[in-house]
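Summary of the model geometry
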Amino acid sequence: MIKTDIAIVGGGPAGLCAAISAASQGANVTIIEKASNLGGQLIKQTHMFFGSQKQYASTRGIDIPDILMNELKKLGSLVNVMLDSTVLGLYEDGVLTVEQNNKYIKIKPDSIIIATGASEKFLAFPNNDLPGIYGAGAVQTLMNVHGIKPGNKVVMVGAGNIGLIVSYQLLQAGIEVKAIIDAAPKIGGYYVHASKVRRMGVPILTSHTVKYAHGKEVLKKVTIVKLDNNWQEVPGSEIDIDADVMCISVGLSPLAELLWQVGCDMIYVPELGGHVPVRNQELETSVKGVYVAGDVAGVEEASSAMVEGRLAGLCAAKNLGYAKENFEELKNDCIEQLYSLRSGPVGEKIRAGLSKVIV
Amino acid sequence: MRINEHPILSFTKGKLVKFTFDGKEYEGYEGEPIAAALHAAGIKVLGHTHELGRPRGFYCAIGNCSSCLMTVNGEPNVRVCVEKLKEGMVVETQKGRGELK
Ligand SMILES: Cc1cc2nc3c(=O)[nH]c(=O)nc-3n(C[C@H](O)[C@H](O)[C@H](O)COP(=O)(O)OP(=O)(O)OC[C@H]3O[C@@H](n4cnc5c(N)ncnc54)[C@H](O)[C@@H]3O)c2cc1C
Ligand code: FES
């Protein structure tokens, strides 16, 4: 049985920041990451980030993990990293079970920070299981991490930020994007992203959805259809588009299995992407010593995931007795950063969601 | 279908290795996911469902959804979107649910 002060499940932006801040206060931390590298979703984000300087705005997502890793290195032996290690179970006695290279390992931490991120949602339409229909994040991984074209002609479903950004990245890789469609009457993502792809000649069709995917073994053609004000199909408005790839980018839902397993109180909050745990200001769930940070606590952005990670790390360390004199100052800084990230009309949905789960 | 030129990224590849898919020989780069090597070779169909025989490809590409299960070196239910390619691997379409040994 491995012992550590704080086990951090997931080495994305939230988990990395949690590790940095907890170890900075003097706690011994273990990051457990199922992939072969740290960074989570950041490793495929080739675009410059939004937010403020403190969250590395105008740095490309792919460059942020290196910055965080340098911070981690300075903390020396307080930080342990387990790669290729999947947390399988989290038990009521606080034991975590991990699979690493076909070995089964048990870890008994004093506290746990869950930062497992989110997974892509799916959409219902006839033949939605044909090969060629992929999550937008999957296409991004294939193209930006592995250097492989997903296909030649793409229909993007979803005009939120992810749909818009991945469309732009497809164009950068020399792949044709036939159209971006969205069932909503308005583009969900930022207009800067939308105008970038529009300028490159990609139509964005709002109030449109997928009616049918065609193909026997692989995707060949997509039929889209217009929706009226009541979200009903407009008869005769079908358009056929030749495409060998359809990207589904209709949102993410928190990867909350471990939280369910350990018995956290969960609430369904559509604004946050699905079932999320009830938590206090310090990001501790209803199960003492189990904290959350990042997309698993509510689907948001890397910027807020990083600040939440810092906050959860700080508080988890303090509650185990590791607090330096700057603790209060750092904690208040995190709370202020989160407040400003979530202010204004862009943060309205998140604020509404969080008001249901913070006790 | 590999990306050879990219305005922002350059791709560092492992060494070129050979593997087989359903008995036919293919090449890919060591350390890349098996699914990536197959996709680069134009193979999108990774298996068929047990009941209805519908074709299956990958979906999430990061090991979350189990849409990409194949038999690798005789072991069934391997998520090929995250399993790394090695020299001489025997990759096969999985028939049935696979047995635990
Ligand atoms: C196309 C796209 C564009 C984006 N653009 C922006 C942007 O411009 N600005 C911005 O701020 N945000 C952006 N985001 C969002 C941002 O990437 C995410 O909000 C952020 O990565 C969430 O961080 P996280 O650490 O919570 O989760 P993740 O980054 O998903 O990391 C979770 C980690 O946990 C690991 N994990 C999961 N389960 C287990 C387990 N059981 N055991 C071990 N490890 C596990 C995963 O492998 C992963 O590495 C974008 C996202 C996408 C997809
Ligand atoms: S494609 Fe989702 S697990 Fe492999």
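Residues numbered from 1 in each chain as written. Chains lettered and ligands numbered in written order. Predicted model: local features only at pLDDT ≥ 70, side-chain atom pairs only at ≥ 80, totals over all residues. Heavy atoms only, no water.

Under the annotation held in an unreviewed UniProt entry, chain B carries the name Sarcosine oxidase subunit alpha and is attributed to Fervidicella metallireducens AeB.

The name given to chain A in an unreviewed UniProt entry is FAD-dependent pyridine nucleotide-disulfide oxidoreductase, and the organism recorded there is Fervidicella metallireducens AeB.

1. A word on the packing of aromatic side chains
Filter applied, for reference: We call Phe, Tyr and Trp rings a pair once their centres come within 6.5 Å, taking the six-membered ring for Trp, and we label the pair stacked below 30 degrees between planes, edge-to-face above 60, and tilted otherwise. Segments assigned H or I by DSSP are reported as helices when at least four residues long, segments assigned E as strands when at least two residues long, and all are numbered from the N terminus. Here's how the labels work: a residue is buried when its accessible area is under 20% of the maximum for its type, exposed when over 50%, partly exposed in between, all with a 1.4 Å probe on protein chains only.
The full count for this structure, using the stated rule, is 4 aromatic pairs over all chains. Aromatic pair Tyr134 of chain A and Phe58 of chain B: ring centres 4.1 Å apart, planes at 10°, arrangement stacked. With Tyr134 of chain A in strand β8 (residues 133-135) and Phe58 of chain B in the loop between β4 (55-56) and β5 (69-72), the pair connects residues from two separate chains. By relative accessible area, which is 0% here, Tyr134 of chain A ends up buried.

2. Observations concerning the pattern of salt bridges
Selection rule: Salt bridges are identified by distance alone: a Lys or Arg side-chain nitrogen within 4 Å of an Asp or Glu carboxyl oxygen.
On inspection of all chains with the given rule, the structure shows 16 salt bridges over all chains. For the salt bridge of Asp240 of chain A with Lys221 of chain A, the shortest nitrogen-to-oxygen distance reads 3.6 Å. Highlighted residues: Asp240 of chain A in strand β14 (residues 239-242) and Lys221 of chain A in strand β13 (residues 221-226), separated in sequence by 19 residues. For Lys221 of chain A, a relative accessible area of 27% gives the class partly exposed. Notably, a salt bridge pairs Glu27 of chain B with Lys18 of chain B, separated by 3.4 Å at the nearest N-O pair.

3. With respect to the environment of Tyr339 of chain A
Residue and element names in this part refer to chain A. Here Tyr339 is to be found in helix α8 (residues 327-341). Residue classification places Tyr339 among the exposed residues on the basis of a relative accessible area of 65%. Each C-alpha atom, one on Tyr339 and one on Val287, is 25 Å from the other, the two residues being 52 residues apart in sequence.

4. Describing the site of ligand 1
All names here are of chain A. Stated formally: Think of it this way: one heavy atom of a residue within 4 Å of a molecule or strand is enough to make that residue near it. For the purposes of these results, a polar contact is taken to be a pair of N or O atoms within 3.5 Å, where, inside protein, one atom must be able to donate a hydrogen and its partner to accept one; residues adjacent in sequence count only when each atom of the pair is a side-chain atom. Per-residue and other accessible areas were derived by the Shrake-Rupley procedure at a 1.4 Å probe size, with only the shown protein chains allowed to occlude residues. When residues are sorted by character, Ala, Val, Leu, Ile, Met, Phe, Trp, Tyr, Cys and Pro go into the nonpolar class, Asp, Glu, Lys and Arg into the charged class, and all the rest, Gly among them, into the polar class.
Lining the immediate environment of ligand 1, one finds 31 residues, of which Glu33, Gln41, His47, Val87 and Asp295 sit closest. Residue Ser303 places a main-chain N or O atom 3.1 Å away from an oxygen atom belonging to ligand 1. Against a free-state accessible area of 1000 Å², the protein chains account for coverage of 93% of ligand 1. Secondary-structure elements contributing two or more residues to the shell around ligand 1 are α1 (13-24), β4 (85-90), α4 (161-172) and α7 (302-319). A breakdown of the residues in the shell around ligand 1 according to their chemical character gives 12 nonpolar, 14 polar and 5 charged.

5. Re the layout of surface pockets
All names here are of chain A. Put simply, the rule is: The way it works is a 1 Å grid over only the protein atoms, where trapped points that fit a 1.4 Å probe form a cavity and open points with protein on both sides within 12 Å along at least five of seven lines form a pocket, and then any residue with an atom within 4 Å of a point lines it. Grid points are joined across faces, edges and corners, and a volume is the space filled by probe spheres set on the points.
Of the pockets and cavities examined, the second largest pocket occupies roughly 350 Å³. Every residue lining the second largest pocket is counted, 14 residues in all, and those nearest its centre are Gln281, Leu338, Arg342, Leu354 and Ile358. Listed by contribution, the elements that provide at least two residues to the lining of the second largest pocket are α7, α8 and α9 (348-354). Among the elements that make up the lining of the second largest pocket, the one with the highest residue count is α8 (3 residues).

6. Comments concerning the pairing of strand β6 (residues 103-114) of chain A
Residue and element names in this part refer to chain A. The criterion, for reference: A pair of strands is labelled paired if DSSP reports no fewer than 2 bridges between them.
Sheet topology note: the strand β1 (residues 2-9)/β6 ladder contains 7 bridges and is parallel. Across the sheet, Ile8 pairs through a bridge with Ile113, a residue of β6. With 5 bridges connecting them, strand β5 (residues 96-100) and β6 associate as antiparallel partners. When the sheet's bridge partners are listed, Gln100 is paired in β6 with Lys103. From the end of β5 to the start of β6, which pair antiparallel, there are 2 residues, and Asn101 there has a positive phi angle of about 45°. Across 3 bridges, β6 lies against strand β19 (residues 290-292) in parallel orientation. By the bridge assignment for β19, Ile114 is matched with Val292.

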